[in-house]
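One letter stands for each residue in the lines below.
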Amino acid sequence: MVRMSDTSTTPYRSGFACFVGRPNAGKSTLTNALVGTKVAITSDRPQTTRHTVRGIVHRPDAQLVLVDTPGLHKPRTLLGERLNDLVRSTWAEVDVIGFCLPADQKLGPGDKFIAKELAEIKKTPKVAIVTKTDLVDSKRLAEQLIAVHQLGLELGFEWAEIIPVSAVGDQQVQLVADLITNLLPKGQPLYPDGDLTDEPEQIMVAELIREAALEGVRDELPHSLAVVVEEMIPRADRPADRPLLDIHANVYIERQSQKAIVIGAKGARLKHVGTTARKHIEALLGTPVFLDLHVKVAKDWQRDPKQLRKLGF
C-alpha cells in the first residue's frame, strides 16, 4: 500500500538524492540547510567531506534522504582514488542527482568533467543547482544559468530542473526540496520520524572535531588531517540529572613537523579546537561532554592502504 500524504490526496514519495560537484561547491552547506541541522562538515577548505553523510528531510508529503558525497576531483593519492570510487557508486544508487555549481565561478574543466560523467547516467533525473547566489549580481547569475543550460545541451541531455539557491541566505532552499521531492518515486518512509541522519554518532563526532581542527590552519597545513574517536563512554557515578560523556579522540597528521601547528604555542591551538568541537558535539548529542584530544603522526597515511583502512577509508 502506498501511503498518502497528510495534506492532500497526492501519493507519498520517498527516495534518495545526492549532491555532486567540484570540491567546495556548497554541497554540505545545502544538505545542512535542507535538513535544518548540522549533519555534514563544512569548511572553506576543498575536499572536506570524506564520508557519505545522509541527511533526512521529513515532510508531510515525502521523505527525502540526502546522500552527501565527497567532491569528484583528479586524484593524486590512494585516498583520492577511493573517494572518487565512492562518488560513482553513490550515483548509481540514487533516485535524483543534484549537480552543484557555484554562481561566483565560471564553469571550468572540473565542472565539464563531472557533467560528462553525469551524461553517462541515462535514467536518473539530473537537477542543476546554482549555489552561492548571494555572492553575485543578477546579471552574473543570469549568465551562469544560461551557461549551465548550454552545458547539458552540449553533452546531449536536458536538466530536469535548473535552480538558483543560496543556502547561507536561505533563498530558494525550500524550492530545491520541493522540486527534488517531485522527482522521487512513490513509496513509504525509509526512516523513522525524527531521524536526521543514519551516520553513526562516533563518525559525526570525529567529523566535527576535524572541522574545528581545519579552521585557522588552511594555508599552513596540507590537507592531511584525520580524526578517529577511540571511545565514547558515559562517566560513571554521575547523578541522572548531571550526565557527562567522556570522548577520547586522536587527531592524525602525516608528519612530525605538522604536530606543532595543530597543537600551537603552549597547546593554545589544540585547546581552541577542543572548545569549538565540544560545543558542536554537545549540541549534536544533547549532553555535556568531556573531550580528550591527542595529536599523533601516521606517516603519509593518504598513500598507505593499511593506514587508510585503520583510519576508516
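For clarity, every value in this text was computed on a predicted model and none was experimentally measured. (Residues numbered from 1 in each chain as written. Predicted model: local features only at pLDDT ≥ 70, side-chain atom pairs only at ≥ 80, totals over all residues. Heavy atoms only, no water.)

(A) Molecular detail of the state of the cysteines. Across all of its chains, the model carries zero disulfides by this definition. Residue C18 stays outside any disulfide, its sulfur separated by 9.5 Å from that of C100, the closest cysteine. C100 sits in the buried class, given a relative accessible area of 0%. (Disulfide = S-S within 2.5 Å. Buried < 20%, exposed > 50% of the residue type's maximum accessible area, 1.4 Å probe, protein only.)

(B) Representation of the nonpolar core. In terms of nonpolar packing, the biggest core is built from 25 residues, with I209, I247, V251, I281, L291 and L293 touching the most fellow members. Elements with a minimum of two residues in this core: α6 (201–214), β7 (226–234), β8 (245–253), α8 (268–285) and β9 (289–297). Ranked by the residues each element gives to this core, the list is headed by α6, at seven residues. If near-sequence neighbours (up to four positions away) are discounted, L291 is found in contact with I209, I247, G274, A277, R278 and I281. (Core = buried A, V, L, I, M, F, W, Y, C linked by side-chain atoms within 4.5 Å. Helix = DSSP H or I, 4+ residues; strand = E, 2+ residues; numbered from the N terminus. Contact = heavy atoms within 4.5 Å.)

(C) Spotlight on the side chain of R59. Structurally, R59 can be placed in the loop between β2 (53–58) and β3 (62–68). Of the residues examined, R59 reaches a relative accessible area of 16% and is grouped as buried. Within the structure, the side chain of R59 is placed 2.9 Å from the side chain of D178, a separation counted as a polar contact. Other than its neighbours up to four places away in sequence, R59 contacts Y12, Q174, A177, D178 and T181. (Polar contact = N/O pair within 3.5 Å; in protein donor to acceptor, adjacent residues only side chain to side chain.)

(D) Highlighting the packing of aromatic side chains. Counted by the stated rule, this structure contains two aromatic pairs. Summarising the aromatic geometry, the rings of F99 and W159 are spaced 6.0 Å apart at their centres and angled 40° between planes, so their arrangement reads as tilted. Remark: W159 occurs in the loop between α4 (138–154) and β6 (161–164) and F99 occurs in strand β4 (residues 96–102); sequence separation between them is 60 residues. Under the relative-accessibility criterion, F99 is labelled buried at 0%. Ring centres of F157 and W159 lie 4.9 Å apart, and the angle between their planes is 80°; this geometry places the pair in the edge-to-face category. For F157, a relative accessible area of 12% puts it in the buried group. An aromatic cluster is defined as three or more aromatic residues linked by ring pairs; in this entry it consists of F99, F157 and W159. Above the face of the F157 ring, K126 is positioned so that its terminal group lies 5.5 Å from the ring centre. (Phe/Tyr/Trp six-rings, centres within 6.5 Å; stacked < 30°, edge-to-face > 60°. Lys NZ or Arg CZ within 6 Å of the ring centre and 35° of its normal.)

(E) Quick look at α4. A rise of 1.5 Å per residue sets the reference length of α4, with its 17 residues, at 24 Å; its end C-alpha atoms lie 24 Å apart and thus fit the reference within 8%. Among all positions in α4, only R140, L141, Q144, V148, L151 and G152 are buried. Seen from one end, α4 has its buried residues packed into an arc of 115°, which puts them on one side. Away from the buried face of α4 by more than 90 degrees, exposed residues S138, K139, I146 and E154 are located. On the buried face of α4, the contacting elements are β4, α3 (109–119), β5 (126–131) and β6. Looking one or two places after α4, you find G156, whose phi comes out positive at around 80°. (Expected span 1.5 Å × (residues − 1). Arc of directions from axis to C-beta.)

(F) Spotlight on α6. Its 14 residues place the ends of α6 20 Å apart at the C-alpha level, agreeing with the 20 Å of an ideal helix rising 1.5 Å per residue. With respect to burial, α6 is a largely interior element, eleven of its 14 residues being buried. On the buried face of α6, the contacting elements are β7, β8, α8 and β9.

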